[in-house]
Amino acid sequence: SPPPPSSPPSPPWVPQECLPVALSTCGLCITLVPPSLCPTDIDNLPACDDAYGARFPHGGLCEGSGACGTDRLADQCNPGGFDVYRVEFVVSPPSPPPPSAPSPSPP
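Since we're looking at a predicted model, the values are computed, not measured. (Residues numbered from 1 in each chain as written. Predicted model: local features only at pLDDT ≥ 70, side-chain atom pairs only at ≥ 80, totals over all residues. Heavy atoms only, no water.)

Colleague: For this particular structure, what's the right way to read the overall build of the protein?
Modeller: Across its full length, the protein holds two helices and three strands. Traced from its N-terminal end to its C-terminal end, the protein shows the element sequence α-β-α-β-β. For the protein, with 107 residues in total, the buried portion stands at 26%. Here the protein displays about 7,300 Å² of accessible surface, and carbon together with sulfur accounts for 61% of that area. (Helix = DSSP H or I, 4+ residues; strand = E, 2+ residues; numbered from the N terminus. Buried < 20%, exposed > 50% of the residue type's maximum accessible area, 1.4 Å probe, protein only. Areas by Shrake-Rupley, 256 points an atom, 1.4 Å probe, with all protein chains shown as cover.)

This is the structure in structure tokens:
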């Protein structure tokens, strides 16, 4: 019988789960990039902030610095100790809950 088909090669980096705080506060699904994938032009990275999705709707890399719940102490990209995240996708930030209707007072 023929050998089983080989599985496709795994990508060099598989994203982990989105950072929950960034998803809920800024509408960004972001994950910390491993040091091996840190960019060389870190000085030109945009900030991972609540305006990021409007500027870069298809994602990319951004610098955390504590915005949107990012870990400002991750510092995995050196030299410089930058905390770089990959934006996996952009969602609309959640809308605030509707005001609750006043409960009717008993007669």
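Colleague: Help me out: how do you make sense of the environment of Q76 in this one?
Modeller: With respect to the helices and strands, the residue Q76 is situated in the loop between β2 (60-63) and β3 (84-90). A relative accessible area of 12% means that Q76 is categorised as buried. The spacing of Q76 and P35 is 41 residues in sequence and 5.5 Å in space, taken between C-alpha atoms. When sequence neighbours within four positions are dropped, the list of residues in contact with Q76 reads L32, V33, P35, C38, F82, D83 and V84. (Contact = heavy atoms within 4.5 Å.)

Colleague: Sorry, what's going on with the packing of aromatic side chains here?
Modeller: Summed over all chains, the structure comprises one aromatic pair. Taken together, a centroid distance of 5.0 Å and an interplanar angle of 40° make the contact between Y52 and F56 tilted. On the basis of relative accessible area, Y52 is assigned to the buried category, the value being 1%. (Phe/Tyr/Trp six-rings, centres within 6.5 Å; stacked < 30°, edge-to-face > 60°.)

Colleague: Even after reading the chapter, I still don't get the environment of V91, so can you show me in this structure?
Modeller: Looking at where V91 falls in the secondary structure, it is placed in the segment after β3. The sequence separation of V91 and C29 amounts to 62 residues, and the corresponding C-alpha distance is 7.6 Å. With residues near it in sequence (within four places) discarded, V91 still touches L23, G27 and L28.

Colleague: Would you mind showing me how to read the state of the cysteines here?
Modeller: Here a disulfide denotes a covalent bond joining the sulfur atom of one cysteine to the sulfur atom of another. Using the criterion set out here, one finds four disulfides in the structure. For C18, the disulfide goes to C29, at an S-S distance of 1.9 Å. Between C18 and C29, the S-S dihedral sits near -80°, and the bridge is therefore left-handed. Taken together, the residues span a long stretch of sequence, with C18 in the segment before α1 (20-26) and C29 in strand β1 (residues 28-32) at a distance of 11 residues. (Disulfide = S-S within 2.5 Å.)

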